[in-house]
Every structure is written in structure tokens, then in C-alpha cells.
Amino acid sequence: FFFLMIRRPPRSTQSRSSAASDVYKRQAEYMGVLVELGATPTGNAVETKERHMKIMMEAREWLTYWVVYAVAAICDPVLTILLFWLGPMLGILKMAFYVFLFHPKTKGAQWVYENVLRSYLQQYEKRIDDAITNLSTELDQKVVQAAAPQAKKYGVEFMKSSISK
């Protein structure tokens with residue numbers, strides 16, 4: 001996973017600088033925030049809280065982006081069929097839409113979520129929660145049913161080996 005985070009440094013930097021060091025500094029900052037939250041001297045408490053809030057806001061922005069991206073990915077095949085007449089421009093428009101979603105200046109994901117998706121999600125929140133609960137229950141039952149014969153077999157073997165010792 002970490003090799004995906006390492007990027008080539010810009011040409012304007014010295015040849016000895018490393019993009020990997022930027023990644024490690026960022027990771028150290030995140031880890032430092034987590035450590036400081038547990039044992040912070042009172043003088044640094046406000047600064048630590050501000051850094052923590054900044055990290056939480058960044059995480060919220062990315063989570064919002066991924067929710068909007070998931071909905072866009074679900075709608076993509078239907079929109080592709082409906083907008084086939086755009087031809088080669090369709091790919092360019094899709095790319096522009098995704099850039100709009102993640103670019104920090106436009107904050108497109110937040111705008112789409114607040115103005116389009118939020119009302120639908122709130123309207124169907126109960127139904128979505130019920131569906132997730134039902135799927136979770138069914139999955140738990142199927143896992144138990146699938147695992148029970150194997151668990152019984154290994155349990156019997158364990159008991160036999162324990163008694164014979």
C-alpha cells in the first residue's frame with residue numbers, strides 16, 4: 001500500500017530530495033496526533049485539538065467524495081446509454097466531472113452531496129438501515145451454517161486428541 005503513496009518529486013526540487021520523506025512526514029504527523037491525544041500537556045492541548053479537527057475534516061471530505069463516487073459509478077452505465085450521442089465527448093465530460101468532485105477548490109463532492117444526495121438518503125434512511133441489518137443477519141446465519149460442519153469435525157478431532165494424551 002505504501003508504494004502507491006510514493007510519488008516522484010517535482011523537477012524544481014533538488015535531485016536529492018525524496019517524495020518518500022514527504023509521505024513519512026505526513027504519516028508521522030498523523031501518528032503524532034493520535035499519540036498526543038492520549039497524553040498532551042495542557043499548553044499544547046488547543047494546538048493538538050486544532051490539528052485533530054483538521055485531520056477529521058479532511059477525512060470527512062474524502063468519505064463524502066467516495067459516497068458520491070459510488071453513486072456516480074452506479075449511475076454510470078445508465079447515463080452512458082442515455083448520452084451515447086455525445087460520442088467521444090462523453091469520456092471527457094466524465095473526467096471533468098470526477099475532477100470537479102475531488103478538486104479542493106471546487107469541493108464538488110460536498111456540493112453534490114449537500115444539494116442532491118442528502119435529501120434522498122435522509123428520505124430512505126430507515127429502509128437502507130433495515131436492508132443492511134437484514135443482509136447482515138442473513139450473512140451471519142449463512143456463515144454459521146457453512147462453518148458448523150467443519151467446526152463440529154475439528155471439535156471432535158480435538159476432543160479425541162485431548163483424551164488420548
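On a predicted model such as this, the values are computed, not experimentally measured, just so you know.

(A) Region of the structure containing the packing of aromatic side chains. For the structure shown, the criterion picks out 7 aromatic pairs. Ring plane angle 50 degrees and centroid distance 5.3 Å describe the contact between Y69 and Y98, whose orientation is recorded as tilted. Taken together, the positions of Y69 in helix α3 (residues 45-82) and Y98 in helix α4 (residues 89-102) put the pair 29 residues apart, joining distant regions of the chain. Through a chain of ring-to-ring contacts, the aromatic side chains of W62, Y65, W66, Y69, F97, Y98 and F102 assemble into a single cluster.

(B) Spatial organisation of the nonpolar core. If you look at the biggest cluster of nonpolar residues, it comprises 6 residues: Y65, V68, L101, A109, V112 and L117. Every element with two or more residues in this core is listed here: α3 and α5 (108-123). With 3 residues, α5 is the largest single contributor of residues to this core. Leaving out residues up to four positions away in the same chain, L101 has contacts with Y65, V68, K107, G108, A109 and V112.

(C) Inspection of helix α6 (residues 125-164) at higher detail. A rise of 1.5 Å per residue sets the reference length of α6, with its 40 residues, at 58 Å; its end C-alpha atoms lie 56 Å apart and thus fit the reference within 8%. Taking the largest bend as the criterion, α6 deviates by roughly 40 degrees, centred on A148, and proline P149 comes between one and four positions later.

(D) Quick peek at unusual backbone geometry. Of note, K107 is a non-glycine position whose phi angle comes to about 50 degrees, a positive value. Secondary-structure assignment places K107 in the loop between α4 and α5.

(E) Region of the structure containing the side chain of T64. Mapping T64 onto the fold places it in helix α3. At 2.8 Å, the side chain of T64 and the backbone oxygen of R60 are in polar contact. Apart from residues no more than four positions distant in its own chain, T64 is found in contact with A109, Q110 and Y113.

About the cut-offs
- Residues numbered from 1 in each chain as written.
- Predicted model: local features only at pLDDT ≥ 70, side-chain atom pairs only at ≥ 80, totals over all residues.
- Heavy atoms only, no water.
- Phe/Tyr/Trp six-rings, centres within 6.5 Å; stacked < 30°, edge-to-face > 60°.
- Helix = DSSP H or I, 4+ residues; strand = E, 2+ residues; numbered from the N terminus.
- Core = buried A, V, L, I, M, F, W, Y, C linked by side-chain atoms within 4.5 Å.
- Buried < 20%, exposed > 50% of the residue type's maximum accessible area, 1.4 Å probe, protein only.
- Contact = heavy atoms within 4.5 Å.
- Expected span 1.5 Å × (residues − 1).
- Bend = angle between axes of the 7 residues up to and from the residue.
- Polar contact = N/O pair within 3.5 Å; in protein donor to acceptor, adjacent residues only side chain to side chain.

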